[in-house]
Amino acid sequence: YYASDLDESTWIVLFKLNSLPPSSYRYKIFGSDTHEMSIFVKDDGRIGFRHQVNKNLYSDYYASPNEWVFFSTSVKYVSQTKIEYLFFANGQSWSGYLESDGLNYDNSYSGYRIAHDSIWQGVYTDGLVALAIKYYKFLTLDEIQKIYENPMNPITDGLVLWLNFHNIQDNIVPDLSGYGN
């Protein structure tokens, strides 16, 4: 897909870290194959979202080792240089706006990466991912809370990726969204 298709999107992941990243490193939990859109955890446990051209947004949530974390970020372009965002982590939420030059440039993606290394840092995520969900829609706080309360029954409107890592078949995690990934 292309940035022009990303006027609205929501990324959701349920994960548990065995350890925090080494000093000055990040764990990339769920994101695009070109590293421009991703949920990550910093070495202090703070969870953030990288949205285009290295524009990092940070929640006020700090993950701890051995803690299951449900994290969601919804992003919506309100202009070529401004996005609205909504973070949700284990029952807490944060929202706001980010303004920056170069937000909506034409960058194509061909896949998703789950719990992998950063190509610049070479550090793999030490932990587990149980669920990864992606929408071409800015989910509201009420919609996210419904998924948080029942993550195995996500809202289907706008759903483009639904990976349940407890549903592995022949070493493959099938996409349950019906979107054809």
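Residues numbered from 1 in each chain as written. Predicted model: local features only at pLDDT ≥ 70, side-chain atom pairs only at ≥ 80, totals over all residues. Heavy atoms only, no water.

1. A short note on the environment of Tyr 136
We count it as follows: To qualify as a helix, a DSSP run of H or I must reach at least 4 residues; to qualify as a strand, a run of E must reach at least 2; elements of each kind are numbered from the N terminus.
On the secondary structure map, Tyr 136 appears in the loop between strand S10 (127-135) and helix H1 (141-149). Taking C-alpha positions, Tyr 136 is 9.6 Å from Ser 74, a pair spaced 62 residues apart along the chain.

2. Points about the pattern of salt bridges
Under the convention used in this document: For this document, the term salt bridge refers to a Lys or Arg side-chain nitrogen within 4 Å of an Asp or Glu carboxyl oxygen.
Across all of its chains, the model carries 4 salt bridges by this definition. Salt-bridge contacts for Lys 76 lead to Glu 84; the nearest nitrogen and oxygen are separated by 3.8 Å. If you follow the salt bridges from partner to partner, you end up with Lys 137, Glu 143 and Asp 157 in one network.

3. Side note on H1
To be explicit about the condition: A 1.4 Å probe rolled over the protein chains alone gives each residue an accessible area, and that area as a share of the maximum for its type sets the label: buried under 20%, exposed over 50%, partly exposed in between. The directions from the helix axis to the C-beta atoms form the arc being described. Whether two residues are in contact is decided by their heavy atoms: any pair within 4.5 Å suffices.
Inspection of H1 places Glu 143, Ile 144 and Ile 147 among the buried residues, and these make up the whole buried set. Summarising the axial view, the buried residues of H1 lie within an arc of 95°, below the 170-degree limit, and thus occupy one face. When the buried face of H1 is taken as reference, the exposed residues oriented beyond 90 degrees from it are Asp 142, Lys 146 and Glu 149. Residues of H1 that are buried sit in contact with strand S1 (8-17), strand S6 (68-79), strand S7 (82-89) and S10.

4. Remarks on the confidence of the model for the chain
As a note on interpretation, predicted positions should not be read in detail where pLDDT is low. Quick reminder of the rule: Every residue is assigned a pLDDT by the predictor, reflecting its confidence on a scale from 0 to 100.
Considering every residue of the chain, the mean pLDDT works out to 83; 83% of them sit at 70 or more. Per-element confidence in the chain is highest for H1, whose mean pLDDT is 97, and lowest for strand S9 (residues 112-116), whose mean pLDDT is 76.

5. Some details on the side chain of Asn 164
Within the fold, Asn 164 resides in strand S11 (residues 159-164). According to the relative accessible area criterion, Asn 164 is buried, its value standing at 12%. Setting aside chain neighbours within four positions, we find Asn 164 in contact with Ala 130, Leu 131, Met 152, Val 173 and Leu 176.

6. Some points on the packing of aromatic side chains
Just so we agree on the cut-off: Geometry of aromatic contacts follows a simple scheme: Phe, Tyr and Trp rings, the Trp one being its six-membered ring, pair when their centres are within 6.5 Å, and the pair is stacked under 30 degrees between planes, edge-to-face over 60, tilted otherwise. Here, a charge over a ring is recorded when the distance from Lys NZ or Arg CZ to the ring centre is within 6 Å and its angle to the ring normal is within 35 degrees.
Per the counting criterion, the structure on display carries 8 aromatic pairs. Seen from their ring centres, Trp 11 and Phe 30 are 5.1 Å apart, and the 65° between their planes marks the pair as edge-to-face. Taken together, the residues span a long stretch of sequence, with Trp 11 in strand S1 and Phe 30 in strand S2 (residues 26-32) at a distance of 19 residues. Residues Trp 11 and Phe 30 agree in their burial class; the two are buried. Of the aromatic side chains, those joined through ring pairs into one cluster are Trp 11, Phe 30 and Phe 49. Positioned over the ring face of Phe 138 is Lys 76, at 4.8 Å from the centre of the ring.

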